[in-house]
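What follows is the residue order along each chain.
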Amino acid sequence: MTRGLALVAAVLLIALPWGLSSYQLGLLTKMLIFAVFAMSLNLILGYAGLPSLGHAAYFGVAAYTTALLSLRLTPNFWLDFAAGLIAAAITAALFGLLALRAQGSYLLMITLALAQVLWGIAFGWRSLTGGDDGLPGITRPAVGPWRLGDGISFYYFILVVFSLAVALMWLVVRSPFGRALVGIRESARRMEVLGYNVWLHKYVAFVLAGTLAGLSGALFVYYNGFVSPAYLSIVFSAMALIMVILGGAGTLLGPAVGSAAIVFLENAISAYTERWLLILGLIYVVVTLFAPAGLLGLLRARQAAVRM
Amino acid sequence: MTFWTIQVLNGLSFGMLLFLLAAGLSLIYGLMRILNLAHGSYYILGAYVGLSVLHATASFALATVAAVALVVALGVVMERFVLRRLPQHEELPQALMTFGILLIVGDVSLWIWGGTPTQLPKPEGLSSSVRFAGMIFPSYRLFVIAVGIVVGLALWIFQERTRLGAMIRAAIDDAEIARATGINVSLLSTGVFALGAALAALGGIIGGPLVGVYPGADFEILLLAFVVVIIGGLGSLKGALFGGLLVGLLDTFGKVLFPGLAMFTIFAPMAIILALRPTGLFGAR
């Protein structure tokens, strides 16, 4: 059943550009980019059981790095993009050393505080980052001979990257390493006794998740042509959290569903009212109260009820 | 000389303000293991409500009472009717829920009070300065420090010297055993939540004239309170006081000495303490 759904989704994603307006296509592109962001958080949250309130840190660092290099050094895609990923990986490697010493609520506070440092730098270092105004004017790149100037090419490029990210996630969570992460989520002590290096597993997952978040951040810069401190803010971090929870933590494609839902809602609601943050807050409250296992969880509960 | 004395005073008064906020955050965590992200909302709500009542009545006492009462009501409703429905001892649902409330209160405040940064006026009689030993001290800063000391002492006496305080300590140590000895932990939890909310609202009223109130102040204050409890340790009053004063001084001197790098003067010590003691200087476990 799930496989069939995935196939239908894949066909739709490939065929849709011919049926959508350029505005709708842009929205779909944004959904895919944020799906990668949510999936990256899901790797540590859903599989390894490590919550983070600062996941925007890696998204934003990659975004700023790619943007700055593209504006000031060279529009070479491979260089700017790779630098963004590397910057995100280094940031995650540093933050992971500090954050993974803590657990539970401390982990939440520390990841938030560390991300907020970067937000503070982006906000305060005006000469480099443009401060609150951000950095506009980043153009869509050419990937080798492939120019991404128009919406459809850019969409397909994002779709390719998204598919690669899904494939990578699939490989990781099916691998012995991914299985060990789930074991650590369920009982870190037991895994320790079994001889697993729990800290190292968590750390590798943390850095990988940060790098993937960086991937989405670099893509989003090209999508928006703009970067601002908001990319590093707690609102972005928490948005990734709610995408993961809403779609279903610990499932491969749940976060993509969550991303599609939130991006769609943001867009639909912002068209009618300026009170999007109020609605977003209500979404947090409602999901936490009524759908703590996400939409997939609701679906499964319903199926189970039907079977009985 | 005067310049540095004033800076110390600024740092201490800001530190006392942070103590008021971190103490509530810390008490609530200590008893219920709830990381309340909506604590930042209590601050701005306290400040905004105080501001409105002050405009209407020109009475500081009335403004304080109204702000504290409203924020306490919000805290009690949150604790009784929302947070209790969530699974116990799972930090993520609590974090999402309280973050949602933080967003809601923030956006509703923006709706009601607008986006212009505002400062509460200082109470009459505290807007001037005091001369002592040939130096001039702004009296409002002294007043904030005094309030911090009084609140700190009162909390300490309450926790260490009263029956209720002993019950709270017992419940913090082991809620199950405390319940078995007949302590009403449920009511106690609501009480502590109300106390924490009251302290944050008081922080909003008192901090209003110092740091002002504006959209985003909830996030900023919450973040600083986090840094305080990361340094001092969650669940420890002593940690909240020590951490508050340290962060207050570091922030003030950081802004004076290294204006561009003020964030680092707070976060570098935080990172060091984290590396050495992941549960803070006074935190248990």
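Residues numbered from 1 in each chain as written. Chains lettered and ligands numbered in written order. Predicted model: local features only at pLDDT ≥ 70, side-chain atom pairs only at ≥ 80, totals over all residues.

Draft legend 1. Here's a closer look at the overall build of chain A. When its secondary structure is counted, chain A shows 14 helices and four strands. Against the globule reference of 19 Å for 308 residues, chain A gives a C-alpha radius of gyration of 19 Å, in line with a compact fold. Taken over 308 residues, chain A has a buried fraction of 47%. (Helix = DSSP H or I, 4+ residues; strand = E, 2+ residues; numbered from the N terminus. Rg over C-alpha atoms; globule rule 2.2 N^0.38 Å. Buried ≥ 20, exposed ≤ 12 C-beta atoms within 10 Å, placed from the backbone.)

Draft legend 2. Region of interest: the overall build of chain B. In terms of helices and strands, chain B carries 11 helices and two strands. The burial tally for chain B puts 51% of its 285 residues in the buried class. Here the contacts in chain B between residues at least 6 apart in sequence split such that 75% fall between residues at least 24 apart. (Contact = placed C-beta atoms within 7 Å.)

Draft legend 3. Representation of helix α8 (residues 176-186) of chain A in the model. Residues and elements named next belong to chain A. Taken together, the buried positions of α8 are A180, L181 and I184. Along the axis of α8, the buried positions cluster into a sector of 105°, meaning they face one direction only. Away from its buried face by more than 90 degrees, α8 exposes R179 and E186. Where α8 is buried, its residues meet α2 (22-47), α9 (188-193) and α10 (198-224). (Arc of directions from axis to C-beta.)

Draft legend 4. Seen up close, helix α4 (residues 91-113) of chain B. An ideal rise of 1.5 Å per residue puts 33 Å on 23 residues; α4 of chain B measures up with 32 Å between its terminal C-alpha atoms. One or two steps after α4 of chain B, the chain reaches G114 of chain B, where phi turns positive at roughly 80°. (Expected span 1.5 Å × (residues − 1).)

Draft legend 5. Local environment of the nonpolar core. Counting 199 residues, the largest nonpolar core has A113 and I242 of chain A together with A201, A225 and V227 of chain B as its most contacted members. Residues within four places of I242 of chain A in sequence aside, it is in contact with I262, I283, Y284 and V287 of chain A together with L96 of chain B. (Core = buried A, V, L, I, M, F, W, Y, C linked by C-beta atoms within 7 Å.)

Draft legend 6. Seen up close, the interface of chain B and chain A. Across the contact, 34 residues belong to chain B and 34 residues belong to chain A. Counting only elements with at least two residues in the side of chain B that touches chain A, the list comes to α4, α9 (217-232) and α11 (262-276) of chain B. Here the side of chain B that touches chain A is composed, by residue class, of 27 nonpolar, four polar and three charged. (Nonpolar A, V, L, I, M, F, W, Y, C, P; charged D, E, K, R; others polar.)

Draft legend 7. Molecular detail of the environment of G104 of chain A. Its location among the elements puts G104 of chain A in helix α5 (residues 104-124). Each C-alpha atom of the pair G104 of chain A and L50 of chain A lies 7.8 Å from the other, and the pair is 54 residues apart in sequence.

Draft legend 8. Up close: the confidence of the model for chain A. Overall, the predicted model of chain A reaches an average pLDDT of 88, with 99% of residues at or above 70. Of all helices and strands in chain A, the one with the weakest mean pLDDT is helix α14 (residues 294-307) of chain A (76), whereas α10 of chain A scores best (94). (pLDDT = per-residue confidence, 0-100.)

Draft legend 9. Structural context of the packing of helix α13 (residues 276-290) of chain A against α4 of chain B. The contact between α13 of chain A and α4 of chain B brings their axes to 7 Å, and the two run at 155°. When the interaxial angle is binned, α13 of chain A and α4 of chain B end up roughly antiparallel. The two elements α13 of chain A and α4 of chain B meet at a crossing, and its hand is left-handed. Across the interface between the two elements, L277, L278, L280, G281, L282, Y284, V285 and T288 of chain A from α13 of chain A touch P93, L96, M97, F99, G100, I101, L103, I104, G106, D107 and V108 of chain B from α4 of chain B. Class assignment for the residues of the contact of α13 of chain A with α4 of chain B results in 14 nonpolar, four polar and one charged. (Axes fitted to C-alpha atoms, helices over the stretch in contact; angles between N-to-C directions. Parallel < 35°, antiparallel > 145°, perpendicular 65-115°, else oblique. Left-handed = near helix turned anticlockwise from the far one by under 90°.)

Draft legend 10. Spatial organisation of the environment of K30 of chain A. Residue and element names in this part refer to chain A. Of note, K30 is situated in helix α2. With 21 C-beta atoms counted inside 10 Å, the residue K30 sits in the buried group. Counting along the chain gives 159 residues from K30 to R189, while the straight-line C-alpha distance between them is 40 Å.

Draft legend 11. Up close: unusual backbone geometry. Residue and element names in this part refer to chain B. Phi is positive for R33, which is not a glycine, with a value near 55°. You will see that A58, though not glycine, has its phi angle at about 60°, which is positive. Tracing the sequence through the fold places A58 in the loop between α2 (39-57) and α3 (60-82). What makes A58 exposed here is the crowd of 11 C-beta atoms within 10 Å.

Draft legend 12. Spotlight on the packing of helix α3 (residues 56-72) of chain A against α10 of chain A. All names here are of chain A. The geometry of α3 relative to α10 is characterised by a closest axis approach of 7 Å and an angle of 45° between their N-to-C directions. Considering the angle they form, α3 stands oblique to α10. The handedness of the crossing between α3 and α10 comes out as right-handed. On the side of α3, the interface is formed by Y58, F59, G60, V61, A62, A63, T66 and A67, while α10 contributes G210, A213, G214, S216, G217, A218, F220 and V221.

Draft legend 13. Structural context of the confidence of the model for chain B. The predicted model of chain B has a mean per-residue pLDDT of 88, with 98% of residues at 70 or higher. Note on the complex model: pTM 0.89, ipTM 0.87.

Draft legend 14. Structural context of the environment of I121 of chain A. Relative to the helices and strands, I121 of chain A is located in helix α5. According to the C-beta neighbour criterion, I121 of chain A is partly exposed, with 19 such atoms within 10 Å.

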